[in-house]
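# Summary of the model geometry
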Amino acid sequence: MMINEIKETLQAETLTGMPYTDFDIKGAYSADLMSDVLAFCNSELLLITALTNAQVIRTAEFADIRVIIFVQGKRPDIDAVALSEEKGILLLATRLPMFEVCGRLYGKGLRS
């Protein structure tokens, strides 16, 4: 699934100044426990979370996650955004709750 399609499906906005948004995402994982992300995620997934601290960015980098979607209208602080740009991680935000985000992406064919 392409990033632009994900953004449209979730009514999401881009939070980082990343120039690329046209790469393909193979799957998704939703979690607020970063230990679960490290245990169960692999590359080519996007992360769906309500956590907005810099630790989420560091975890995504370690797990080779290229996209993070923040749910429920939450937004990371300026330090987390700067870190994501440094690490090449695209940040998106949506006002939708996590359950609905997962359901919409699943309905479009994106799997875990």
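Residues numbered from 1 in each chain as written. Predicted model: local features only at pLDDT ≥ 70, side-chain atom pairs only at ≥ 80, totals over all residues. Heavy atoms only, no water.

### Considerations on the overall build of the chain
Going by this rule: Runs of H or I in DSSP of at least four residues are treated as helices and runs of E of at least two as strands, each being numbered from the N terminus. Radius of gyration means the value over C-alpha atoms here, while the globule rule gives 2.2 Å times the residue count to the 0.38 power. Burial classification: accessible surface area is computed with a 1.4 Å probe over protein chains only, and a residue below 20% of its type maximum counts as buried, one above 50% as exposed, and the rest as partly exposed. Contact between two residues is taken to exist if any of their heavy atoms lie within 4.5 Å; hydrogens are not considered. Where accessible areas are quoted, they stem from the Shrake-Rupley method and a 1.4 Å probe; at the residue level, only the protein chains shown are allowed to cover. Positive: Lys, Arg. Negative: Asp, Glu. His and the chain ends are not part of the count. To locate a charge, the coordinates of NZ of Lys, CZ of Arg, CG of Asp or CD of Glu are taken.
For the chain, the helix and strand inventory stands at five helices and five strands. In sequence order, the secondary structure elements of the chain are arranged as α-β-β-α-β-α-β-α-β-α. Taking 2.2 N^0.38 as the reference for a compact globule, 112 residues should give roughly 13 Å; the C-alpha atoms of the chain span a radius of gyration of 12 Å, in line with that estimate. Viewed in the frame of its principal axes, the chain has a C-alpha envelope of about 35 × 30 × 25 Å. Looking at the chain as a whole, 47% of its 112 residues qualify as buried. Taking as baseline every contact in the chain between residues at least 6 positions apart, the subset at least 24 positions apart corresponds to 52%. Carbon and sulfur atoms provide 49% of the accessible area of the chain, an area that totals close to 5800 Å². Positive and negative side-chain charges of the chain, numbering 11 and 15 respectively, have mean locations separated by a distance of 4 Å.

### Quick word on helix H3 (residues 54-62)
Turning to H3, its buried residues are Ala54, Val56, Ile57, Thr59 and Ala60. Close packing links the buried residues of H3 with helix H2 (34-40), strand S3 (45-49), strand S4 (67-70), helix H4 (78-87) and strand S5 (90-93). Positive backbone phi, approximately 60 degrees, marks Asp64, located one or two places after H3.

Structural measurements only, silent on function.
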